[in-house]
Amino acid sequence: MGTSIRWTARMRALLRRWRGAPLTWLIVGGFVLMAATAVGTALTVDRFRQNAIESGRDSLENSVRLLARHFDREFEDFAVLQKSIITELESHDFEGHGIESAEIFRSEMGTLAMHEVLRAKASGWSDVAGANLFDSRGMLINSSRRWPVADISVADRGYFNRLKDDPVAQEEVEVVPGRFGSGPAIVFARRVSGPHGEFLGLVSRAITPEQLESFFASTGLGEDSSVAMYHQNGQLLARIPHVDAMIGQNFRKGTPGQMEVFQRTVVSTQLVSPVDGKDRIVASRLLTGEPLVVIATKSLDAALATWRTQTKFFVTVAVLSIGLLVLTLFLIFRQVTRRLSFEKQRLDTAMNTMTQGLLMFDQDERLIVCSRRYIEMYGLSAELVKPGVHFRDVIRHRHDTGSFHGDVESYCDDILSNVGRFQNTIVETADGRLIEIKNQPGAAGGWLATHEDVTARIRADERIAHMAHYDALTDLPNRVLMRGHLERRVADLGEGKPFAILYIDVDEFKGVNDSLGHEVGDELLRQVANRLRACVSGNDLVARLGGDEFAIVKAGTRDPAELTALAENILKALRMPVDCKGQDIPTDVSIGIAIAPDHGDNPDDLLKRADLAMYAAKSEGRRTCRVFAPEYDAKAKERRQLELDLRQALARGEFEVHYQPLVDLKANVVTGCEALLRWRHPERGMVSPADFIPVAEDTGLIGEIGEWVLKQACSEAASWPGQIHIAVNVSPVQFRSRTLALKVAAALAESGLAPGRLELEITETVLIRDDEEALTILQQLRELGVRIALDDFGTGYSSLSYLHRFPFDKIKIDRSFISDIGEPEDSSPIVQAVVHMAAARHMATTAEGVETEAQRGVLRQLGCSQMQGWLFSPAVPAAKLKQLLAAQAAA
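Here's a quick rundown of the structure. (Residues numbered from 1 in each chain as written. Predicted model: local features only at pLDDT ≥ 70, side-chain atom pairs only at ≥ 80, totals over all residues. Heavy atoms only, no water.)

Time to look at the packing of aromatic side chains. Per the counting criterion, the structure on display carries 14 aromatic pairs. Note on Y374 and Y378: the rings are 5.2 Å apart at their centroids and 70 degrees apart in plane angle, and the pair reads as edge-to-face. With a gap of four residues between them, Y374 and Y378 both fall in helix α10 (residues 372–378), about one helical turn apart. On the basis of relative accessible area, Y374 is assigned to the buried category, the value being 1%. (Phe/Tyr/Trp six-rings, centres within 6.5 Å; stacked < 30°, edge-to-face > 60°. Helix = DSSP H or I, 4+ residues; strand = E, 2+ residues; numbered from the N terminus. Buried < 20%, exposed > 50% of the residue type's maximum accessible area, 1.4 Å probe, protein only.)

We now examine the sheet that holds strand β21 (residues 589–596). The sheet built from five strands is open, its strands ordered β17-β18-β16-β21-β22 with mixed pairing. Looking at strand neighbours, the two that pair on one side only are β17 (541–546) and β22 (625–627), the edges of this open sheet. Adjacent strand axes in the sheet meet at a mean angle of 20 degrees, parallel and antiparallel pairs treated alike. In this structure, strand β16 (residues 499–506) lies alongside β21, joined through eight bridges in antiparallel fashion. If you follow A500 over to β21, its bridge partner there is I595. (Pairing = 2+ DSSP bridges. Axes fitted to C-alpha atoms, helices over the stretch in contact; angles between N-to-C directions.)

With that settled, consider the packing of helix α21 (residues 702–717) against helix α23 (residues 740–751). For any two helices packed against each other, the geometry is given by the interaxial angle and the distance between the axes. The contact between α21 and α23 brings their axes to 9 Å, and the two run at 30 degrees. Looking at the two axes, α21 sits roughly parallel to α23. Note that α21 runs across α23; the crossing there is right-handed. Contact with α21, carried on its side by E707, L710, K711, C714 and S715, involves K743, V744, A747, L748, E750 and S751 of α23 and no other residues of that element. Of the residues belonging to the contact of α21 with α23, the class tally is five nonpolar, two polar and four charged. (Parallel < 35°, antiparallel > 145°, perpendicular 65-115°, else oblique. Left-handed = near helix turned anticlockwise from the far one by under 90°. Contact = heavy atoms within 4.5 Å. Nonpolar A, V, L, I, M, F, W, Y, C, P; charged D, E, K, R; others polar.)

Moving on to a nonpolar patch on the surface. Together, L26, I27, F31 and F333 make up a nonpolar patch on the protein surface, roughly 370 Å² of accessible area in all. When residues in the nonpolar patch are grouped by element, the largest group, three residues, is from helix α2 (residues 23–90). (Patch = residues over 30% accessible without salt bridge, like charges linked within 9 Å, V, L, I, M, F, W, Y side chains within 5 Å. Areas by Shrake-Rupley, 256 points an atom, 1.4 Å probe, with all protein chains shown as cover. Salt bridge = Lys/Arg side-chain N within 4 Å of Asp/Glu carboxyl O.)

The next thing to look at is the pairing of strand β5 (residues 199–207). The side chains of a regular strand alternate, first on one face of the sheet and then on the other. In terms of burial, β5 is a largely internal element, eight of the nine residues being buried. Here four bridges tie strand β1 (residues 132–135) to β5, and the two strands are oriented antiparallel to one another. Note that in β5 the partner of F134 across the bridge is L202. In terms of strand pairing, strand β4 (residues 184–193) meets β5 through eight bridges, oriented antiparallel. Bridge pairing links A189 to S204 in β5. Hairpin remark: β4 followed by β5, antiparallel, with five residues in the connecting loop; positive phi at G197, about 90 degrees.

Once that is clear, we can look at the environment of V317. One can find V317 in helix α9 (residues 305–352). When its relative accessible area of 37% is taken as the criterion, V317 is described as partly exposed. Distance in space between the C-alpha atoms of V317 and T37 is 9.6 Å, their sequence separation being 280 residues.

With that settled, the discussion passes to the sheet that holds strand β7 (residues 236–240). One open sheet holds the five strands; their spatial order is β7-β6-β10-β9-β8, and the pairing between them is antiparallel. With one partner strand each, in any of the chains shown, β7 and β8 (266–272) form the two edges of the open sheet. Looking at each pair of strands side by side, their axes are set apart by 20 degrees on average, direction ignored. Two strands pair when backbone bridges link them, and strand β9 (residues 279–286) and strand β10 (residues 292–299) are joined in this way by seven bridges, in the antiparallel orientation. Considered in β10, the bridge of L286 is made with V293. Of the strands in this sheet, β6 (225–231) and β7 touch helix α6 (residues 209–216), which is tilted by about 40 degrees from β7.

Turning our attention to the pattern of salt bridges. Under the definition given, this model contains 37 salt bridges. Note that E171 and R190 form a salt bridge whose closest N and O atoms lie 3.1 Å from each other. Pair noted here: E171 is in strand β3 (residues 171–177) and R190 is in strand β4, with a separation of 19 residues, a long-range link. On the accessibility criterion, R190 (10% relative accessible area) is buried. Salt-bridge contacts for E643 lead to R639; the nearest nitrogen and oxygen are separated by 4.0 Å. Taken together, the residues E643 and R639, both in helix α19 (residues 630–652) and four residues apart, mark about one turn of the helix. Classification of R639 as partly exposed rests on a relative accessible area of 35%. One salt-bridge network, in which partners are shared between bridges, spans R392, D393, R396, E409 and D413.

Here we take up the pairing of strand β2 (residues 140–143). Pairing analysis gives three bridges linking β1 to β2, with the strands arranged antiparallel. By the bridge assignment for β2, L133 is matched with N142. Connecting the antiparallel pair β1 and β2 is a turn made up of four residues, with G138 showing a positive phi of about 90 degrees.

Okay, helix α3 (residues 102–109) next. Since one α-helical turn is 3.6 residues long, residues separated by three or four positions face the same way. Of all the residues in α3, the buried ones are A102, F105, R106 and M109. Projected onto a plane normal to the axis of α3, the buried residues spread over an arc of 95 degrees and lie on a single side. (Arc of directions from axis to C-beta.)

So, about the nonpolar core. One broad trend across soluble globular proteins is that nonpolar side chains are buried collectively. Formed by 73 residues in total, the largest nonpolar core has its most connected members in Y659, I726, L758, L760 and L781. No other element matches the seven residues that α21 contributes to this core. Residues contacting L760, with those up to four places away along its chain left out, are L710, V728, V730, V744, L781, V786, R787, I788 and A789. I186, F262, L286 and A303 belong to the second-largest nonpolar core, a separate cluster that totals 46 residues. (Core = buried A, V, L, I, M, F, W, Y, C linked by side-chain atoms within 4.5 Å.)

This is the structure:
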């Protein structure tokens, strides 16, 4: 509704604005905005151009500074080396007379000993070119790099003649065609003078332009840039990009700006290059120790490349913006005269597409706007409900058409008396719809009302609230609602209002779910819920706690006899077969009873004690009820302590593996052993597996314990004779981990036991829960090469389809079928059937629990393969088993 009001107010304000504001101001403002856009774009483009040039100049200055610093150090090494050689030569003592003439200098300097002196001097410096010694005629007389020297003359070189002719000149730098290679070379030559200043020769070092250019390239100045080194006299020594024809040319010519780069120590300018004639940004720096200058340039076009891209973007945006402004002004000018006539039509269209019914009344209580949805919602006449009609007439019309019930005048007076305040009410119509009415005061008096059908939303909220407190399957109160009910009951205990909790668990429900499917299981739970409702009164609460667990909160009693009678009625009602999807299923439950305040005065304690009583009923045979007794608490604590001890038993090394022999009935020899877990508790002594195995399975510890047994058994069996195999039981919990095959493979690899000597015993339980997944895991085990035995066959939900779908290696016949063999009406036919069935499928059979010779004799006659039991040997420790196997081998 708030959105509708704001939209309507916006439309009306727009109408007023167009009536009062001349179009001239709009057009003038548009042109001013276009001019501002053009000027701003021009200023921005110019600023970006200056930034681009300054950025390029800064980059060149940094590069030149770096190069000058590098070459100052490099050429200082040149000078230091040359000066040290000259000092050595000038101070050399030639037979005690020193250097008296150029001939003595030539003869004494052209020796192997002086070559070694030169080589020793040059070896301590970062050498890019060797030191060469020339005589006064320009002939090479010695070199630090090679001996003997080549016949080379530099008498034609300009630097040689300048040093020879000018006693003041001490050093010359010149690029010349190379004598030691194919390309040009940059020569650094230094004069060697006699005692009286006479010219004796010179010491030179040379580098190629490429050696300088390789360092120039590291600056990475980018496209259309150059870095060069010039002699201060204008001669180009090296340059990138490299052009052979330019090396050695003199470029000290042109404008004063071009000449300035060879004269000033640091120059940063913009001028036309004498090399390629392009307008370039230039940065130069003179070296401090040599008459050389490093010059870096970048063409103005390259420096402004990014700026041009930006300029195109800005100009494009500006042009588009101005074009858009022009188009907008044109459209506004063309449409403004037509818009006023369209506004009312557009407002009506928008209102009529709203999901709410909308009414707007002025300060005189007369209708200004009415949406079509309002008329359709109440089935009114559009001829009567139209602008100008009075508010009271609208309500009277609703009353006459049956969409309003009540006193018209009283309702209208109530609305009109509260026009200045926001009002929100929900009313129910005669046909069961829920309508939310919101009245909001208008800015200039009057009010706006919206009518919205919120039936679906409110019903959905009610369903969500119901789902939060009721079980979706049985529609019984869930644990959350029951807890709130218990808290209220506990609060009433102070008023002498006792109550009791009956905790109910469906016996063998998992078997129904697994064997008949979840749909049958769900239907069974619904039927149980219906029968529980029928067993209690209206003051009692029946709730589903989850899974197959229910609870009844019985009010107004603390009499155990009365509660036991109620439990017996429940047991009787539930024992009647239940029709679930065409299946008649008899049902039994175990019931635990806790009484308030006798067994507690808070919900948690009462639920816990009712749960303990229920578990007591289960442990005492199921299908019965038990009232909580203090010893149940003690049993629960004992079980918790057993669980705690069990969690630490593996780490403390309290488990042992005993082995019960499997005896071949024909040969009467041991062919294998079954690994059986034993727990030697430091205080309890030997704990029965019947006591701790269920706890291990409930807590999930059986997975870790079973893995330990598997490794221990494989390791022990690896030391037995090769024909003796080992059988290890696998819990259903281990199957659910889906890593059983990996763990078996690891145990075999660690122990070195042959896979064919390991036999894994599983029960049908692992197949019932998820037979496809279980059969996949069994197939993985079979691929490892281990044997698979089906344990306790015939005691559970035996299905011959398992034997057909997976070729087990062995079937183990449970002791319950062996105990009465040899007696009248015994189980021999059943055993015979299993043996024949196994033989047909090429499976062996093992009888468990054989304790008498009579039983062994019957099993031989029936064709059973193996037996195990106390008749031959109980389960014994590994050491004793080895003695038994050794005795058998000796026999």
